[in-house]
Amino acid sequence: MDVRYHAVSNEGRRYNHNEDFFLLPKEKGVFTTSNCPKVFVLCDGMGGANAGEVASKLTAQWFSEAMHNYLSSELEMITDLKLDIESERKVLSEAIVELINSVNGQLVQHANRASEFEGMGTTFISAIFLRGYVFVHSVGDSRCYLYSGGELQQLTEDQSVVWELYKKGVLSKDTLRHHPRKNLITMSIGNHQRLIVNEYSYKLEVDDLILLCTDGLSDMLSDEEIAQTLRSTATVSSVVDSLIAKALAAGGFDNITAMLIRILQLNQQS
């Protein structure tokens, strides 16, 4: 599977530091499956002093390294089992969940070693591209959107107090962005002994766009505003720059990170 991608993180207008952290594949801008693992990771840290920055960076780095090792050592073995596509996807997704929980345990232990890291945590979202699918796993309220056929779909569900109210029909989708309790998340890496990890997998088409973002973007822009920007035929990098600029213009009340991946070519075997 070939993709083009770009990501930008901005500290926003309210803060002079950035607790968001992301990691991209090792090759810059474009990758093919044969050249590197297909791992995209985005985290939004929280905690006193610099603890949020530490939590997001460590989580992204530890997961990316563990996922890289897994894809290098285990993926060929899974393929050799000649499982049907559904079984193969299930095995891979379960492995990713275990890796995320392992990283969570590492962060909890790290926080317990120093008082300045007490209570630190981070949201987490990853996108892994394989066999014509994207595998998405999330903890917290960082989001993944799919833009396909001219329509925007939020693939992930927020693990937050207001999202539960939205699911119950108490709040509308757009109301979430302005609710006073919008930042109260119910799950984060580093603050729970065992995580509830949201798991998703979606079959892709050429020219699909996958957007990963922190709440610094999704709280500033409505789904329609995001969709309007993604409808542009501009380059991936200019679309990301436009999303960041619009979020800043709307207030930029938090750190803002946007990561955009465009599907260039599909290969079901990779």
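Residues numbered from 1 in each chain as written. Predicted model: local features only at pLDDT ≥ 70, side-chain atom pairs only at ≥ 80, totals over all residues. Heavy atoms only, no water.

1. Digging into the pairing of strand β7 (residues 133–139)
To keep it simple, the criterion reads: Only protein chains enter the accessibility calculation, which uses a 1.4 Å probe. A residue is then buried if its area is under 20% of the maximum for its type, exposed if over 50%, and partly exposed in between. Strands here mean DSSP runs of E at least two residues long; helices mean DSSP runs of H or I at least four residues long; both are numbered from the N terminus. Pairing between strands is defined by DSSP: at least two bridges between them are needed.
Buried residues dominate β7, accounting for 7 of its 7 residues. The alternating pattern of β7 places Tyr133, Phe135, His137 and Val139 and Val134, Val136 and Ser138 on opposite faces, both of which are buried. What sits between strand β6 (residues 124–130) and β7 in their antiparallel hairpin is a turn of 2 residues, with Arg131 showing a positive phi close to 55°. When β7 meets strand β10 (residues 198–203), the two strands line up antiparallel, connected through 6 bridges. Note on β10: the bridge partner recorded for Tyr133 is Lys203.

2. Things to note about the environment of Val197
Keep this limit in mind: By definition in these notes, contact holds between two residues if any of their heavy atoms fall within 4.5 Å.
Following the sequence through the fold, Val197 ends up in the loop between α4 (161–167) and β10. Residues Val197 and Gln159, spaced 38 residues apart in sequence, show a C-alpha to C-alpha distance of 9.5 Å. Contacts of Val197, omitting those with residues within four sequence positions, involve Val97, Ile100, Asn101, His137, Ser138 and Val139.

3. What to know about the pattern of salt bridges
Quick note on the threshold: Take a side-chain nitrogen of Lys or Arg and a carboxyl oxygen of Asp or Glu: if they are within 4 Å of each other, that pair is a salt bridge.
Overall, the coordinates contain 7 salt bridges when judged by the stated rule. The partner of Glu98 in a salt bridge is Arg194, and the shortest N-O contact between them spans 2.9 Å. Residue Glu98 is found in helix α3 (residues 85–112), and its partner Arg194 is found in the loop between α4 and β10; the two are separated by 96 residues along the sequence. Residues Asp158 and Arg143 are paired through a salt bridge, measuring 2.8 Å at the closest nitrogen-oxygen approach. Note that Asp158 is positioned in the loop between β9 (151–154) and α4 and Arg143 in strand β8 (residues 143–148), a separation of 15 residues in sequence. Like Asp158, the residue Arg143 is buried in the burial classification.

4. Concerning the environment of Glu19
Structurally, Glu19 is set in the loop between β1 (2–10) and β2 (20–23). Linking Glu19 and Lys57, residues 38 residues apart in sequence, is a C-alpha distance of 8.4 Å.

5. Considering the state of the cysteines
Condition: The disulfide definition used here is simple: a pair of cysteine sulfur atoms within 2.5 Å.
The tally for this structure, following the rule as stated, stands at 0 disulfides. Cys213 provides the cysteine sulfur closest to Cys144, a residue in no disulfide bond, and the two sulfurs are 8.6 Å apart. Classification of Cys213 by relative accessible area gives buried; the value is 0%.

6. Some points on the packing of aromatic side chains
Heads up, the rule is: What counts as a ring pair is set by centres within 6.5 Å for rings of Phe, Tyr and Trp (its six-membered ring), and what kind of pair is set by the plane angle: stacked under 30 degrees, edge-to-face over 60, tilted for all other angles.
Across all of its chains, the model carries 5 aromatic pairs by this definition. Summarising the aromatic geometry, the rings of Phe40 and Phe129 are spaced 5.6 Å apart at their centres and angled 80° between planes, so their arrangement reads as edge-to-face. A residue pair is termed long-range when its members are at least 10 positions apart, and Phe40 in strand β4 (residues 39–46) and Phe129 in strand β6 qualify at 89 residues. Aromatic side chains Phe63 and Phe124 sit 4.9 Å apart centroid to centroid with 75° between the ring planes, which places their arrangement in the edge-to-face category. Of this pair, Phe63 sits in helix α1 (residues 51–73) while Phe124 sits in strand β6; the two residues are 61 residues apart in sequence, bridging distant segments of the chain. Phe124 shares its class with Phe63; the two are buried.

Function cannot be inferred from these measures alone, as they are strictly geometric.
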